[in-house]
Amino acid sequence: MIKVVVVDDDIDTVEVFCEYLEIKDITVVGRGHNGKKAIELYETLRPDIVLLDVMMPEYDGFYGLEHIKKINPDAKVIMVTADLTYDTEKKLKEFNASAVIYKPYEIDSVIETIHKVNNNKIVTIPQ
């Protein structure tokens, strides 16, 4: 079973997302609401995959991704964003995101991406 951590500043999004993942037999081992918490959860829980929102106040997803990759360059981090700018895409590549999911997303595509990343395939879901 795949173990994941879900991090988004929107508490309702985290709850709904986690419920759906559990229905699809993906175990949610941690939940957070900023990039700093993502790092703490990664260090403590060592999940298979971190699902990390890019745009969050205070410590954003870039901060979380950069520091998780410093802890473990092979960490699997799927970034979730509605930001389609070149600068965001460039930063996500620079910090070596495992995949990018663009909002709004189809939840079944998210599940498919989680399985692909877990099997070491790098994927970007088109908008």
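Predicted, not measured: the structure shown is a model, and the values here were computed from it.

1. What about the packing of helix 1 (residues 11-23) against helix 5 (residues 107-118)?
With their axes 11 Å apart at the nearest point, helix 1 and helix 5 run at an angle of 65 degrees to one another. When the axes of helix 1 and helix 5 are compared, the crossing they make is right-handed. Counting all contacts with helix 1, which are made through Phe-17, Tyr-20 and Leu-21, the residues of helix 5 involved are Ile-107, Asp-108, Val-110, Ile-111 and Ile-114. Looking at the contact of helix 1 with helix 5 residue by residue, the class counts come to 7 nonpolar, no polar and 1 charged.

2. Observations concerning unusual backbone geometry
Residue Pro-104 follows Lys-103 across a cis peptide bond; omega there is -5 degrees. In this fold, Pro-104 is placed in the loop between strand 5 (99-102) and helix 5. Its identity is not glycine, yet Arg-46 carries a phi of approximately 45 degrees, on the positive side. Under the relative-accessibility criterion, Arg-46 is labelled partly exposed at 42%. Phi at Asn-96 is positive, roughly 65 degrees, even though this residue is not glycine. One can find Asn-96 in the loop between helix 4 (86-94) and strand 5.

3. Focus: the environment of Ala-97
Mapping Ala-97 onto the fold places it in the loop between helix 4 and strand 5. Overall, the relative accessible area of 13% leaves Ala-97 in the buried class. In this structure, the C-alpha to C-alpha distance between Ala-97 and Val-14, residues 83 residues apart in sequence, is 20 Å. Once residues lying within four places of it in the same chain are set aside, the contact partners of Ala-97 are Leu-65, Val-77, Met-79 and Leu-92.

4. As for helix 2 (residues 35-45)
Within helix 2 the residues assigned to the buried category are Gly-35, Ala-38, Ile-39, Leu-41 and Tyr-42. Buried positions in helix 2, seen along its axis, are confined to an arc of 165 degrees and lie on one side of it. Where helix 2 is buried, its residues contact strand 1 (2-7), strand 2 (26-32), strand 3 (49-53) and helix 3 (61-71). The distance from a side-chain oxygen at the start of helix 2 to the backbone nitrogen of Lys-36 is 3.0 Å, and the residue carrying that oxygen is Asn-34. Just downstream of helix 2 lies Arg-46, where phi reads positive at about 45 degrees.

The rules behind the values
- Residues numbered from 1 in each chain as written.
- Predicted model: local features only at pLDDT ≥ 70, side-chain atom pairs only at ≥ 80, totals over all residues.
- Heavy atoms only, no water.
- Axes fitted to C-alpha atoms, helices over the stretch in contact; angles between N-to-C directions.
- Helix = DSSP H or I, 4+ residues; strand = E, 2+ residues; numbered from the N terminus.
- Left-handed = near helix turned anticlockwise from the far one by under 90°.
- Contact = heavy atoms within 4.5 Å.
- Nonpolar A, V, L, I, M, F, W, Y, C, P; charged D, E, K, R; others polar.
- Buried < 20%, exposed > 50% of the residue type's maximum accessible area, 1.4 Å probe, protein only.
- Arc of directions from axis to C-beta.
- Polar contact = N/O pair within 3.5 Å; in protein donor to acceptor, adjacent residues only side chain to side chain.

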